[in-house]
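Report on the structure
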Amino acid sequence: MTLEQQARGANSGATGAGRRRSRKDEILEIAVGLFASRGYHGVSMDDIGAAAGVTGPALYHHFAGKEAMLVAALVPVSEGLLEGGRQRSVAHPGDPRAVLESLIDFHVEFALANPAVIALHLHELDRLPEEPRRRIRRLQRMYVEEWVTVLTALHPGLPDGEARVLAHAAFGLMNSTPFLGGEVDRRRRAELLRAATLAALLAPTEPA
C-alpha cells in the first residue's frame, strides 16, 4: 500500500477522532497522500483537484494553495500530539512506568494511523513559512519535554539532555511507519513497535 493510499484510509490518532469528516478534510487527506508519495514540488493544485474530483475554483474555496494545505496538515497534528501527551502524563500520577507505557501506546497508534503525515514532517516541514514552521517546532519541543519528564523520573540522575537523546531515538523507531511494508499486519506491527520502544527506554543508561 502506498503512502497516498494509507493517507486516504487513515483515521488520525492525534486529531479529529470521532468527528464527522467534511469535504475540506477529504481534500486535505488526498493532498497529504500526494505530497507524501510524490513530494511537495511534484504535486500541483490541478493534481489535487483531479484526485479529489473537484474543479479549481472549488478547490480554492477551501484552501488558498498548496502551502495552506501543508500548514493545515502539520499544525493540528503537532497540537494533537502535545495535547494527547499531556493527557497521558497526568493520567498516572506517581507511576512513571505507567506514564511511559501510555505515551508509547499513544504515539505508536498515531504513527500507524498517519504514515503520510510523518513523511511530510520528515521531508517537507522546511517548505512552510517561518511563522507556522516555528510554531510546529515549538509544539514538538514541548511534546519532547513530556517524554523527558517521565524518562528522568524513571532513570534518577539522567540529565535532561540525555533524556532528550533517548526520546528522539524512540520517535525515530516509532516514526518508521512510512517505511514499513504490509507483510506484517497492523496489530502485530503495533505490538513490535511498542515492545521495542519500551525496551529501549527502560534499558540501563549508565555510561559504559
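Below is a summary of the structure that appears in this document. The residue numbers shown here count from 1 along each chain, following its written sequence. Where local features are concerned, this predicted model is filtered to residues with pLDDT of at least 70; where side-chain atom pairs are given and counted, the filter is 80 or more; whole-chain, interface and lining totals use all residues. To get the side-chain values, take all heavy atoms of the structure and skip hydrogens and water.

Among buried residues, the Ala, Val, Leu, Ile, Met, Phe, Trp, Tyr and Cys ones that are joined through side-chain atoms within 4.5 Å form a nonpolar core. Any residue under 20% of the maximum accessible area for its type is buried, any over 50% is exposed, and the rest in between are partly exposed; the area is computed with a 1.4 Å probe on protein chains only. With 59 residues, the main nonpolar core has Phe35, Ile48, Met69, Trp147 and Leu151 as its most contacted residues. Taken together, the elements giving at least two residues each to this core come down to helix H2 (23-38), helix H3 (45-52), helix H5 (66-89), helix H6 (96-113), helix H7 (115-124), helix H8 (130-154), helix H9 (160-174) and helix H10 (186-202). Only runs of H or I of at least four residues qualify as helices and only runs of E of at least two qualify as strands under DSSP, and these elements are numbered from the N terminus. Top contributing element to this core by residue count: H6, with 9 residues. Between two residues, a contact is recorded if the distance between any of their heavy atoms is within 4.5 Å. Ignoring anything within four residues of it in the chain, the contact list for Ile48 reads Ile27, Ile30, Ala31, Leu34, Phe35, Val43, Leu59, Lys66 and Met69.

Counted residue by residue, H7 has 8 buried out of 10 residues, so it is predominantly covered. Along H7, the residues classified as buried are Pro115, Ala116, Val117, Ile118, Ala119, Leu120, His121 and Glu124.

All right, on to the side chain of Thr177 then. Structurally, the position occupied by Thr177 is in the loop between H9 and H10. Its relative accessible area of 4% is what places Thr177 among the buried residues. Side-chain polar atoms of Thr177 contact the backbone oxygen of Ala111, separated by 2.8 Å. Aside from chain neighbours lying at most four places away, what touches Thr177 is Ala111, Leu112, Pro115, Ile118 and Leu193. Whenever two N or O atoms come within 3.5 Å, that pair is a polar contact, provided that in protein one can donate a hydrogen and the other can accept it, and provided that, for residues adjacent in sequence, both atoms are side-chain atoms.

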